[in-house]
Amino acid sequence: MISISHLSVAYGAIVALDDVSIEAPTGAITAVLGANGAGKTTLLRTISGLVKPRSGSITANGHALIGERPDTIARLGIAHVPEGRGVIAEFTVEENLRLGALGAKTNVTAGLEEQYTLFPVLKERRKQYAAQLSGGERQMLALGRAMIANPQILLLDEPSLGLAPLVTQDIMNTIKTLCANSGLTVILVEQNAKSALKISDYAAVLHVGKSIAVRPAAEVAADESLRSYYLGMAE
Amino acid sequence: MIANILTNRIVNDIAGGTAQGVIIGLVALCLVLVWRATRVLNFAQGPMAMFVTYIGMTQMDHHANFWVAAAISVAVGFIFSALTEIVIVKPLYHKAEINPIVVMVGMFTLLEAVASAVWTNIPRYPTAPFSSINFQSEGNPTGLSPLSTFQIGAALAIMTLVAILFNYTSLGLKLRASALAPEVSKLLGIRVGRLLTLGWGIAGAVGAVAGVVISLNPGGLAPNMLDAMFILGFIAAAIGGLDSPLGALVSGIVIGVVMQLINDYWNSNYADMVAVVLLVVVLMLRPQGIFTKNSTRRV
Amino acid sequence: MKHMNMRRRLAALSATTLTLGLVASGASVLSAGASGTDGVNTSSKTISIGGTFPLSGLASAGFQDVAKAALATFDYVNSHGQVNGWSVDYKVLDDCYNLGVCGAGKNTDAQTQALVNTPVFATVGSLGTATQQGEISYLKTNNTPQLFVSSGAHYWNDPTSNPNLFGFQTNYLAEGKIFGTYISSKFKGKKVGFLGQNDDFGQDGLQGLKNGGVTPATADQLTYNSTDVVFNQGTFRTSMAKLQSDKVAVVVLDTIPQATKLALDAAKSLGFKPQFIISGVGSDPQTVNDVNEKNAITFTFFNATNSTSNKASAWNAWASKVLTAESGKTVNGVKLATFTSKSILSGNQLYGVAIAAGFIEALNKVTANGGTPTRSNFVSALTSNTLSTPAIVPLQYSSTNHQGLTGGYLVKVTATGVSTGATKAVNTTVYSVNPTTQALTTSKLTNAAVPSEFK
Amino acid sequence: MSGTFKRLAWVLGGLVAAIAVASIQSGTDAANLTKAGAYCIALVGLSFLTGWSGQISIGNSGFMLVGGYSAAFWTLHHPGEPVAISMIVAIAVSAFVGLIIGMPATRLRGPYLAGMTLAFAVALPYVPQSFAVSTLGGSQGLTITPLSAPQWFFNLFDTNNTLPVVINSRFTAMVSVVIAALVLWLMSNLFTSKTGRAMRLVRDNDVAAELVGLHLGRTRAQAFVLTAALSGLAGALLVMVSGTASPSTYEFGFTFSIALLTLMVLGGIGSLSGAIIAALLGVYSLQITTWITDHTGLGPDSWVSAKLPNLAPNMENILFGILLIVTMIFAPRGIVGLATGLRQKLISVTRR
């Protein structure tokens, strides 16, 4: 359970988030939709401590997150897969995974074993540099690196960015499976609303820094009036 | 046969040049370590190393043995460099590129002035535990002395230690990650700030080794002893590519050897400029340096 | 908006341009007040002179002793009877030898201008060949005599174009000739090698050597750049290796101290043991001692300093007395060195005392019968008298010769149990080389008396 | 403000400044001001490069050497020609060298550029010293007849009992300050011109600059050439006044490049008035530190100096080092930035 209330963020004079309140229930996928520049990425960066908000509060599993350093937040069990996946290109696949385990102080050997079973393609390529992976494989690596930390909350920023539709579908299904198997709480930020809504339980829509609604995903998908706020770009 | 090789003029030049070159390479290595960790060009590398070398080596005046004095230099080098990062470099991350450069120029001026106030400009000559008389082969001198062998050995040992640390240990993995992708590393729960400080500390310790090794040369221990080495070391680091520790050491040795060959076979007046010419040529052809891999840009 | 900006910028600019002037006028309180137009204050009977020396930075290690010893001597004489009632106000400014990361204000140009504008009667003893050469035309234009330049170059001896310029020490040409003469007699038929600095120091030294009858083989005439001592130390190794493989028996070094050390060290590591003959500039006992080269011959124009009693000559004893009396004092903002009865006089200290002594002698002549010093009568006093200083050859100028000292003798560096090192005479022959004709004359070493005005 | 009025303000300001400078009483101050004018020109050039095009150069002493030697060389071979021509020659030659160095340099960023320019500054004094000995005078350098005050100036300012040297220094100070003011005026125009804005864009954002059609390399090279030309002018001015260009001239050594960088930062990067303040700081640093040490009990007679006799001669650098670090951390915009900040604070206080 992660709850964001009355969150406002500004970069100098530019307001990125304005009094946003969102609740993401435990064990469910909550999609955050919105057009480019709606503040989706800022929202995730604020949760993981990379951006200091002007006001508001964020609590995750009973911990107040505001004011904590990003690495502390990560060690509280909150994994953030940033936009562009954030894999370190100069590292091999295995080094990327090990880094995830080292940061979270979890068992490296067991974690690697687990992720290699989940993502067999990573095992195949474990000695290759991340730079040499395809887009889909990089996303797998980013997910695997996040999961090796045994997180309770997973923040995903545009996992479908730059991927072919089939690969996107594959990734989305993987996310759904991960969530179902481990009781993970997921906040999924997406421009590709259609794919996101397919696997999400709840959805919130951001429009120029304001949250419009947090409702079950199916409802949002059905609400014609909301569509204009998040469609048009990705479809 | 072997004796002929050992006392051959070119072989001697290469050996003597290598002994000079590893020192240039060590200074270059410090610069690379700091640059990789924090994207700061440490202009005060030379004076910082000089300062901690003084602190350690002057203990020999109080009857400390050479190895104890050297160990003190290295330990103080680590602490001093780490503290420098915490106190004056940290506030400048994410600021304009020139800011940390200028701060380190300030540090340069300050440390040399303080050293000269405390220890004066008169050089000191720490007694080396090795002789500087070259090994002989059938009555002829070879290009190496026990001292220069120790200097080359120390440089290679440090290089190996650094390579093992960075490439084969978990700490090394975290250090590299913090340097390459600080934000991602933070998101993975890594205490990046602490690791950057550690990176500076390691560079400081390597710098102290360079300082100790240099202080055994005829120039001895003096406030300005690393100024020229800094310039040559910087050139070596730029030629090798500021991201490549191996490149730093290799280009350091190449510069040392080429200078020595020019001294012997051409004219020593040209040797001073060879490093500059090499730098200009390399930067014109490969602005990122020779050893930096182009393919592995961050994505 | 744009205009507003422009206007503000303009206003700020004009304001700063104005303050530039005002600040500067205000800042004049920082500089000392002038006394007379030529540095001579007739009411207080004070003559102001100045000199630029490296008091900080790379070259300060030995050379600051020259300035401090001269300052000590003037201060001592001022408080011990003065010179016919006149006292000397010696302003020593730090020029950092234009090397090292010194502050912006510390360079020879700026400090010389500061002296001229004080104004001073003359610059006395300012140190360095390149640094002082740069000031010749400036000082000449401003009618300020440049006296006793601390450098062994021969440029200072040009009375026709620079009537107010006076050298001090025996020049490198003479030193080279003395070496050559000595080598031709003592090492007849031996192969001689040469390593010299790639400027007038090395060039004059080599020429002098040739004048003395010794011409090393072309392959054994080696040079180095002054910057090689920091940037390219390897060159000393290759030089020594070349001389070694050429089986050279005598090596003449016209090298600055750091280069001497590097060359001796390289020779030592190669097991190369020729007879070293080293220029007086680069052979202070400290340097030679550090390499433990006990056999090296060098050149000096002072009495050997071989014991803590400093009694090798009457002048050495006097210098030692002055430095002890002035030990640790602060004179004109400069803190003098600590000197006790256990200290050994260094060549640099004797040099400083000698400069001061030369000036005091000339001042004594000018003011002898109640005269007032002027620049012209001072210069004629210099050219018409033989001045006594700690140097073993007289300080003698003429209307055609502004060189100063013209000779000296050979000493060996000894390393007998004294940390600072000491020297011992090779023999008692004093050589002199006429700066105009290059003719060499010899005489016997004598212990000159200290004139009575030095109390 | 209309163009005529603007020009008038400049002319008036310049005139007042020139008269103020020409009547300075102390010869030392006049000599210092002469230097300050030259430093100011070099500083404006460096400040423009760093503050406006975002490039770092630690090689400006090299350009000063080029300018200084060019002026001396020209004057030696064309005696009797106007000083202005020597200056123009110096500007042209150093701009050309700036172009040669600038072309590869524009491909380099940050530390690589810093390093390459530093190497240039370190290597350059070798050229006259070891390579072109016969034409450039070797380690002795070139000597020319220094700039001296014309008769009318003597007639105008020779009040009773003033040393000729002081009058001469006043003259050179006036010349130097007038040239510096001219440079400042040109640069202030450039800062607001299209080129100036282009430079700023290149500094702030490479990509944006390319998007609006700016040629990055060319813009950077232009900045480099301009910096080189100004440094060359400063070098020439120093040589014309002192009469010597030599490899050991303080302003031609790489340590002066570092000093320039230091002064620029203390004054305020990218600011014209900062350059003026920095230049004055440069020439009066010794007096300032002496004053500070004398008034803080750190002078040669203090108890600290009794323990550390070498402290006094090194005090200047200790203070400078500390000042530089503190400035960069707490006031990265230098003295000018501090002053502006203070003024804004005062204004907001009084408005309340």
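Residues numbered from 1 in each chain as written. Chains lettered and ligands numbered in written order. Predicted model: local features only at pLDDT ≥ 70, side-chain atom pairs only at ≥ 80, totals over all residues. Heavy atoms only, no water.

Right, let's get into the overall build of chain C. The number of helices and strands found in chain C is 14 helices and 20 strands. Relative to its full complement of 455 residues, chain C shows a buried share of 62%. Summarising the internal contacts of chain C: among those between residues at least 6 apart in sequence, 69% fall at separations of at least 24. Roughly 15,500 Å² of accessible area belongs to chain C as shown, and the carbon and sulfur atoms make up 53% of that amount. (Helix = DSSP H or I, 4+ residues; strand = E, 2+ residues; numbered from the N terminus. Buried < 20%, exposed > 50% of the residue type's maximum accessible area, 1.4 Å probe, protein only. Contact = heavy atoms within 4.5 Å. Areas by Shrake-Rupley, 256 points an atom, 1.4 Å probe, with all protein chains shown as cover.)

A word on the overall build of chain D. Along chain D, the regular secondary structure elements total 17 helices and two strands. For 352 residues, the compact-globule estimate of 2.2 N^0.38 gives 20 Å, and chain D sits close to it at 21 Å. In terms of overall dimensions, chain D has a C-alpha envelope of 65 × 55 × 55 Å along the principal axes. Sequence-distant contacts in chain D: of pairs separated by 6 or more residues, those separated by 24 or more amount to 77%. (Rg over C-alpha atoms; globule rule 2.2 N^0.38 Å.)

Size of an interface, as often reported, equals the accessible area lost when the parts are brought together. Contacts between chain B and chain A engage 20 residues on the former and 25 residues on the latter. Both sides together, the interface formed by chain B and chain A hides about 2,200 Å², and carbon and sulfur atoms give 66% of it. The tally of links between chain B and chain A comes to three salt bridges. The salt bridge partner of aspartate 71 of chain A is arginine 191 of chain B, with a shortest N-O separation of 3.8 Å. In this structure, the connection of chain B to chain A is made through four residue pairs in polar contact (both at pLDDT 80 or more). Mapped by element, the contributors of at least two residues to the side of chain B that touches chain A are α7 (170–180) and α8 (182–187) of chain B. For the side of chain B that touches chain A, the element with the most residues is α7 of chain B, which contributes six residues. Of the residues in the side of chain B that touches chain A, the class split is nine nonpolar, four polar and seven charged. (Buried area = accessible area lost by both parts, 1.4 Å probe. Salt bridge = Lys/Arg side-chain N within 4 Å of Asp/Glu carboxyl O. Polar contact = N/O pair within 3.5 Å; in protein donor to acceptor, adjacent residues only side chain to side chain. Nonpolar A, V, L, I, M, F, W, Y, C, P; charged D, E, K, R; others polar.)

Turning to the sheet that holds strand β6 (residues 78–81) of chain A, a few remarks are in order. Residues and elements named next belong to chain A. One open sheet holds the six strands; their spatial order is β6-β7-β8-β3-β9-β10, and the pairing between them is mixed. Each of the sheet's edge strands pairs with one partner strand only, and the pair in question is β6 and β10 (210–216). Each strand of the sheet is rotated relative to its neighbour by a mean of 15°, with strand direction disregarded. When β6 meets strand β7 (residues 153–157), the two strands line up parallel, connected through four bridges. Bridging from a neighbouring strand, histidine 80 pairs with leucine 155 of β7. (Pairing = 2+ DSSP bridges. Axes fitted to C-alpha atoms, helices over the stretch in contact; angles between N-to-C directions.)

Residue and element names in this part refer to chain A. Strand order in this open sheet of four strands is β2-β1-β4-β5, and the pairing throughout is antiparallel. Here the strands that pair on one side only, and so sit at the sheet edges, are β2 (14–24) and β5 (63–64). Relative to β5, strand β4 (residues 55–60) runs antiparallel, the two sharing two bridges. Within β5, the residue paired with threonine 59 across the bridge is alanine 64. The sheet contacts of helix α1 (residues 40–47) involve β1 (2–11), β2 and β4, and relative to β1 the element is tilted by about 110°.

Right, let's get into the side chain of asparagine 224 of chain B. You can see asparagine 224 of chain B is positioned in the loop between α9 (192–215) and α10 (227–240). Filtering out sequence-adjacent residues up to four positions away, asparagine 224 of chain B remains in contact with Glu112 of chain B together with Leu58 of chain C.

On the surface, Leu246, Val250, Val254, Ile290 and Phe291 of chain B cluster together into a nonpolar patch covering about 380 Å² of accessible area. Position of leucine 246 of chain B among the secondary structure elements: in helix α11 (residues 245–265). (Patch = residues over 30% accessible without salt bridge, like charges linked within 9 Å, V, L, I, M, F, W, Y side chains within 5 Å.)

Residue and element names in this part refer to chain B. The interhelical angle for the contact between helix α2 (residues 9–38) and helix α6 (residues 146–168), taken along N-to-C directions, is 30°, at an axis separation of 9 Å. Put simply, α2 runs roughly parallel to α6. Both α2 and α6 take part in a crossing whose hand is left-handed. On α6, the residues that touch Ala15, Thr18, Ala19, Val22, Ile23, Leu26, Leu29, Leu33 and Arg36 of α2 are Ser148, Gln151, Ile152, Ala155, Ile158, Met159, Val162 and Phe166. Residue classes in the contact of α2 with α6 are distributed as 13 nonpolar, three polar and one charged. (Parallel < 35°, antiparallel > 145°, perpendicular 65-115°, else oblique. Left-handed = near helix turned anticlockwise from the far one by under 90°.)

With that out of the way, let us pick up the pairing of strand β17 (residues 407–414) of chain C. Residue and element names in this part refer to chain C. Taking burial as the measure, the eight residues of β17 include seven buried ones, the bulk of the element. In this structure, strand β11 (residues 297–300) lies alongside β17, joined through four bridges in antiparallel fashion. Following the sheet pairing, isoleucine 297 is matched in β17 by lysine 412. As judged from the two bridges shared by β17 and strand β19 (residues 429–433), these two strands associate in the antiparallel manner. The residue of β19 that forms the bridge with glycine 407 is serine 432.

Right, let's get into the domain arrangement of chain C. Residue and element names in this part refer to chain C. Split by domain assignment, chain C resolves into domain 1 (6–170 + 315–396) and domain 2 (172–300). Counting from both sides, the interface comprises eight residues of domain 1 and, opposite them, eight residues of domain 2. Carbon and sulfur atoms make up 54% of the area that domain 1 and domain 2 hide from each other, which totals about 650 Å². Looking only at domain 1, the three residues that lose the most surface to domain 2 are Gly152, His154 and Thr170, adding up to 55% of its buried area. On inspection of domain 1 and its partner domain 2, the count reaches zero salt bridges. Counting across the domain 1 and domain 2 interface gives two residue pairs in polar contact (both at pLDDT 80 or more). Its residues assigned to classes, the side of domain 1 that touches domain 2 shows three nonpolar, five polar and no charged. (Domains from an automatic or database assignment.)

Let us look at the pattern of salt bridges. According to the stated counting rule, one finds 19 salt bridges over all chains in the structure shown. Of the charged contacts in the structure, one is a salt bridge between glutamate 158 of chain A and lysine 40 of chain A, with a shortest N-O distance of 3.9 Å. Of this pair, glutamate 158 of chain A sits in the loop between β7 and α7 (165–182) while lysine 40 of chain A sits in helix α1, and the two are 118 residues apart along the sequence. The class for glutamate 158 of chain A is buried, based on a relative accessible area of 5%. The class for lysine 40 of chain A is buried, based on a relative accessible area of 5%. Here lysine 35 of chain D ties to glutamate 251 of chain D by a salt bridge, and the two come within 3.5 Å at their closest N and O atoms. Residue lysine 35 of chain D is located in helix α2 (residues 27–53), and its partner glutamate 251 of chain D is located in the loop between β2 (244–245) and α13 (254–267); the two are separated by 216 residues in the primary sequence.

Residue and element names in this part refer to chain C. One pass over the structure, following the stated rule, counts 40 aromatic pairs over all chains. Aromatic pair phenylalanine 168 and tyrosine 351: ring centres 5.4 Å apart, planes at 50°, arrangement tilted. Of this pair, phenylalanine 168 sits in the loop between β6 (165–167) and α6 (172–186) while tyrosine 351 is found in helix α13 (residues 347–366), placing the two residues 183 residues apart along the sequence. An identical accessibility class is assigned to phenylalanine 168 and tyrosine 351; each is buried. Arranged with centres 5.1 Å apart and planes meeting at 65°, the rings of tryptophan 315 and phenylalanine 454 form a pair that is edge-to-face. (Phe/Tyr/Trp six-rings, centres within 6.5 Å; stacked < 30°, edge-to-face > 60°.)

Our next topic: the nonpolar core. Ranked by internal contacts, the top residues of the largest apolar core, which has 215 residues, are Phe43, Met104, Val206 and Ile235 of chain B together with Ile41 and Leu43 of chain D. Per-element accounting of this core gives the leading share, 15 residues, to α2 of chain B. What leucine 43 of chain D contacts, discounting residues up to four positions off in sequence, is Leu260, Leu263, Met264, Ala275, Ala278 and Ala279 of chain D. Leu127, Val379, Ile392 and Val393 of chain C belong to the second largest nonpolar core, which has 86 residues in total. (Core = buried A, V, L, I, M, F, W, Y, C linked by side-chain atoms within 4.5 Å.)

Below, the discussion takes up the side chain of asparagine 225 of chain C. Its location among the elements puts asparagine 225 of chain C in the loop between β8 (221–224) and α8 (228–231). Ignoring any residue separated from it by four or fewer positions in sequence, one finds asparagine 225 of chain C in contact with Asn269 and Asp272 of chain B, Asn198 of chain C together with Tyr126 and Ser130 of chain D.

Let's shift gears to unusual backbone geometry. Here threonine 118 of chain C and proline 119 of chain C are connected by a cis peptide whose omega angle stands at -5°. Along the chain, proline 119 of chain C falls in the loop between α3 (108–117) and β4 (123–124). Residues other than glycine seldom take positive phi values, yet arginine 85 of chain A does so here, at roughly 75°. Mapped onto the elements, arginine 85 of chain A comes out in the loop between β6 and α3 (93–104). On the basis of relative accessibility, which here comes to 9%, the residue arginine 85 of chain A falls in the buried class.

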